[in-house]
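# Results of the structural survey
Residues per chain, in single letters:
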Amino acid sequence: MILLELFKTFFIIGLISFGGGYATIPIIEIEVTAHQWMTTQEFTDIIAIAGMSPGPIATNCAVFVGYQTAGFAGAVASTLGVVLPSLIIILVIAAFFTKANKNPVVQSAFYGLRPIVVGLIVYAAIKFAVSNQLIGPVSLNSISLLGIFSLSLLALIKFRAHPALIIIFSGIAGVALYS
Amino acid sequence: MKKNWKLLMEIFFTFLKIGPITFGGGYAMIPVIEREVVNKKKWIQMEDITDVLALAGSAPGAMAINSATFVGYRIAGISGALAAMLGVLLPTFLIVIALSIFYLHFKDNPKVEAAFHGIGPAVVALICLAAYKIAPTAIIDKTTLVIAGLTVVFLLFLHIHPVIIIFSGMLVGICLVKIRTRLGGHTRIDGHKKEVG
């Protein structure tokens, strides 16, 4: 039952998606490739589109993966799966533990959790760099890709460019260079 | 009961308007929530927003959805939470569905393929940016540096599932702080509170 599998998978992803969308990406990547719903390469396209769309990137990825795998019903199943844990946890916290994040045990759990979020994101960067031929044998192709990467990173960090703008410009560069 | 429905519809439509603004991370949405929910509708007070921010940022899930759910709950309980969540979710859900259809239709076009070939490295840059932003609040001493490094190694070479790593990380955090406190030491456990949205 593909819908149930999508719901279950994205429920687990939603449950552990701490620290913002980009930390969730490697988890989604591991799950969609393990289920053979798509390849890492295809998933990169999805992130690009999810990053250009309004709304949270992890939720957008869920909609995309669900739709690609099982149509509209699939999109609904994976979206419900990814938001349901948030809903439950927020309701429980709001009803009982409004000061939960002041609790010393919760704080020390986050002390251990935050560096893991960083590790997850670094892993995602390496994984996607490899699958997009950014890391690999040196060629004209890999050098131009590295050029796009460095310019994008520079624009993002130094000039605080908007992510959507970066995606659009690199797309234009892609058309100019590779078609 | 009738009045309740009216309130729920109002919550739903307010967040329906906020939804498409959540472009580029949930933090972009906070000033809009302030304007709509605190100033215009006077549903909750400014002080509550601080609570919302702190909890929505540390609970799992997207910042935008978490804060909408939380605000909805404050206004009208569980049904309010559902109304706000569905409201904030619906516009972006439909937009992404439309984009999926578009993508599936055009992905084999050579021009589109070339565009995505160029976008690949930009996505890697975006992921690096996320790490760069979150690192100063997360890696605050040698222990956290080691934990981050081990996470990468475990994921890349041992293919351990993130669920296991995340829960053991929390456990390690709790134990480490306990042991250090017992030994009379002190651990600075919070960097700056914000996380990337």
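Just so it is clear, the structure is predicted and the values come from calculations on it, not from any experiment.

### Overview of the overall build of chain B
- In terms of helices and strands, chain B carries seven helices and zero strands.
- Each helix and strand of chain B, ordered N terminal to C terminal, gives the series α-α-α-α-α-α-α.
- Going through the 197 residues of chain B one by one, you find that 47% of them count as buried.
- Residue pairs in contact within chain B that sit at least 24 positions apart in sequence constitute 57% of those at least 6 positions apart.
- Counting every atom, chain B has about 9,800 Å² of accessible surface; 69% of that belongs to carbon and sulfur.

### A closer look at the overall build of chain A
- Per the secondary structure count, chain A includes seven helices and zero strands.
- Put simply, chain A runs from its N terminus to its C terminus through helices and strands in the order α-α-α-α-α-α-α.
- Dimensions along the principal axes, computed over C-alpha positions, put chain A at roughly 55 × 40 × 30 Å.
- Burial statistics for chain A: of 179 residues in total, 57% are counted as buried.
- Considering only residue pairs separated by 6 or more positions, chain A has 58% of its internal contacts joining residues 24 or more positions apart.
- With an accessible surface of roughly 7,100 Å², chain A has 74% of that area assigned to carbon and sulfur atoms.

### Regarding the side chain of Thr-151 of chain B
- One can find Thr-151 of chain B in helix 6 (residues 142–157).
- Discounting residues that sit within four places of it in the chain, Thr-151 of chain B has contacts with Ile-116, Gly-119 and Leu-120 of chain A together with Ile-165 of chain B.

### Comments concerning the interface of chain A and chain B
- Tallying the contact residues gives 92 residues for chain A and 92 residues for chain B.
- For the pair chain A and chain B, the summed buried surface comes to about 8,400 Å²; carbon and sulfur atoms form 80% of the total.
- Interface area lost by chain A to chain B is led by Ile-90, Tyr-111 and Arg-114 of chain A, which between them contribute 10%.
- Viewed at the interface, chain B and chain A are joined by one salt bridge.

### Thoughts on the side chain of Thr-24 of chain A
- Summarising the element assignment, Thr-24 of chain A is placed in helix 2 (residues 21–34).
- With residues up to four places along the chain from it excluded, the contact list for Thr-24 of chain A reads Ile-13, Ser-17 and Ala-58 of chain A.

### Focus on the environment of Ala-48 of chain A
- Tracing the backbone through its elements, the reader meets Ala-48 of chain A in helix 3 (residues 40–52).
- Taking the C-alpha atoms as reference points, Ala-48 of chain A and Gly-171 of chain A, 123 residues apart in sequence, are found 9.8 Å from one another.

### Comments concerning the environment of Ile-160 of chain B
All names here are of chain B.
- Relative to the assigned elements, Ile-160 resides in the loop between helix 6 and helix 7 (162–182).
- The spatial distance from the C-alpha of Ile-160 to the C-alpha of Ile-127 is 21 Å, given a sequence separation of 33 residues.
- Sequence-distant contacts of Ile-160, defined by excluding residues within four places in its chain, comprise Phe-154, Leu-155 and Ile-165.

### Thoughts on helix 2 of chain A
Residues and elements named next belong to chain A.
- For helix 2, which comprises 14 residues, the first-to-last C-alpha distance of 20 Å matches the rise-based estimate of 20 Å (1.5 Å per residue) to within 8%.
- Of all the 14 residues making up helix 2, twelve are buried; the element is thus mostly covered by neighbouring parts of the structure.
- The set of residues buried in helix 2 consists of Gly-21, Tyr-22, Ala-23, Thr-24, Ile-25, Pro-26, Ile-27, Ile-28, Glu-29, Ile-30, Glu-31 and Val-32.
- With its phi angle positive at about 55°, Gln-36 sits one or two positions after the end of helix 2.

### As for helix 7 (residues 163–178) of chain A
- Its 16 residues place the ends of helix 7 of chain A 22 Å apart at the C-alpha level, agreeing with the 22 Å of an ideal helix rising 1.5 Å per residue.
- Every buried residue belonging to helix 7 of chain A is among Ala-164, Ile-166, Ile-167, Ser-170, Gly-171 and Gly-174 of chain A, and all of these are buried. One face of helix 7 of chain A carries all of its buried residues, which in axial projection span an arc of 155°. Counted as exposed and oriented over 90 degrees from the buried face of helix 7 of chain A: Phe-169, Ile-172 and Ala-176 of chain A.
- Summarising the contacts, the buried residues of helix 7 of chain A are in contact with helix 3 and helix 6 (140–158) of chain A together with helix 5 (110–138) of chain B.

### Comments concerning the confidence of the model for chain A
- With 97% of its residues at a pLDDT of 70 or more, chain A has an overall mean of 87.
- Looking across chain A, the model is least confident in helix 3 of chain A, with a mean pLDDT of 84, and most confident in helix 1 (residues 2–15) of chain A, with 94.

### Here's the deal with the UniProt feature "transmembrane region" (unreviewed entry) in chain A
All names here are of chain A.
- The feature "transmembrane region" (unreviewed entry), as annotated in UniProt, sits at residues 6–25, 46–67, 73–97, 109–128, 134–154 and 161–178 in this numbering.
- Taken end to end, residues 109–128 has its terminal C-alpha atoms 29 Å apart, with 100% of it in helix and 0% in strand.
- A helix fraction of 89% and a strand fraction of 0% characterise residues 161–178, whose end C-alpha atoms lie 24 Å from each other.

### Looking at the packing of aromatic side chains
- According to the stated counting rule, one finds seven aromatic pairs over all chains in the structure shown.
- Taking 5.9 Å as the distance between ring centres and 75° as the angle between the ring planes, the aromatic pair formed by Phe-72 of chain A and Phe-93 of chain B counts as edge-to-face. On the criterion of chain membership, the pair formed by Phe-72 of chain A in helix 4 (residues 57–96) and Phe-93 of chain B in helix 4 (residues 63–106) is interchain, its members lying in two chains.
- Put simply, the rings of Phe-64 of chain A together with Tyr-103 and Phe-116 of chain B touch in pairs and so form one group of aromatic residues.

### Some remarks on the pattern of salt bridges
Residues and elements named next belong to chain B.
- Per the counting criterion, the structure on display carries six salt bridges over all chains.
- As a salt-bridge pair, Lys-40 and Glu-36 come within 3.3 Å of each other at their nearest N and O atoms. In this pair, Lys-40 and Glu-36 are both assigned in helix 2 (residues 30–40), four residues apart and thus about one turn of the helix distant.
- On the basis of relative accessible area, Lys-40 is assigned to the exposed category, the value being 57%.
- When its relative accessible area of 6% is taken as the criterion, Glu-36 is described as buried.
- Several salt bridges converge on common partners, so that one network encompasses Lys-17, Glu-36 and Lys-40.

Reading guide: rules and limits
- Residues numbered from 1 in each chain as written.
- Chains lettered and ligands numbered in written order.
- Predicted model: local features only at pLDDT ≥ 70, side-chain atom pairs only at ≥ 80, totals over all residues.
- Heavy atoms only, no water.
- Helix = DSSP H or I, 4+ residues; strand = E, 2+ residues; numbered from the N terminus.
- Buried < 20%, exposed > 50% of the residue type's maximum accessible area, 1.4 Å probe, protein only.
- Contact = heavy atoms within 4.5 Å.
- Areas by Shrake-Rupley, 256 points an atom, 1.4 Å probe, with all protein chains shown as cover.
- Buried area = accessible area lost by both parts, 1.4 Å probe.
- Salt bridge = Lys/Arg side-chain N within 4 Å of Asp/Glu carboxyl O.
- Expected span 1.5 Å × (residues − 1).
- Arc of directions from axis to C-beta.
- pLDDT = per-residue confidence, 0-100.
- UniProt positions renumbered as here; feature names shortened; annotations may be inferred.
- Phe/Tyr/Trp six-rings, centres within 6.5 Å; stacked < 30°, edge-to-face > 60°.

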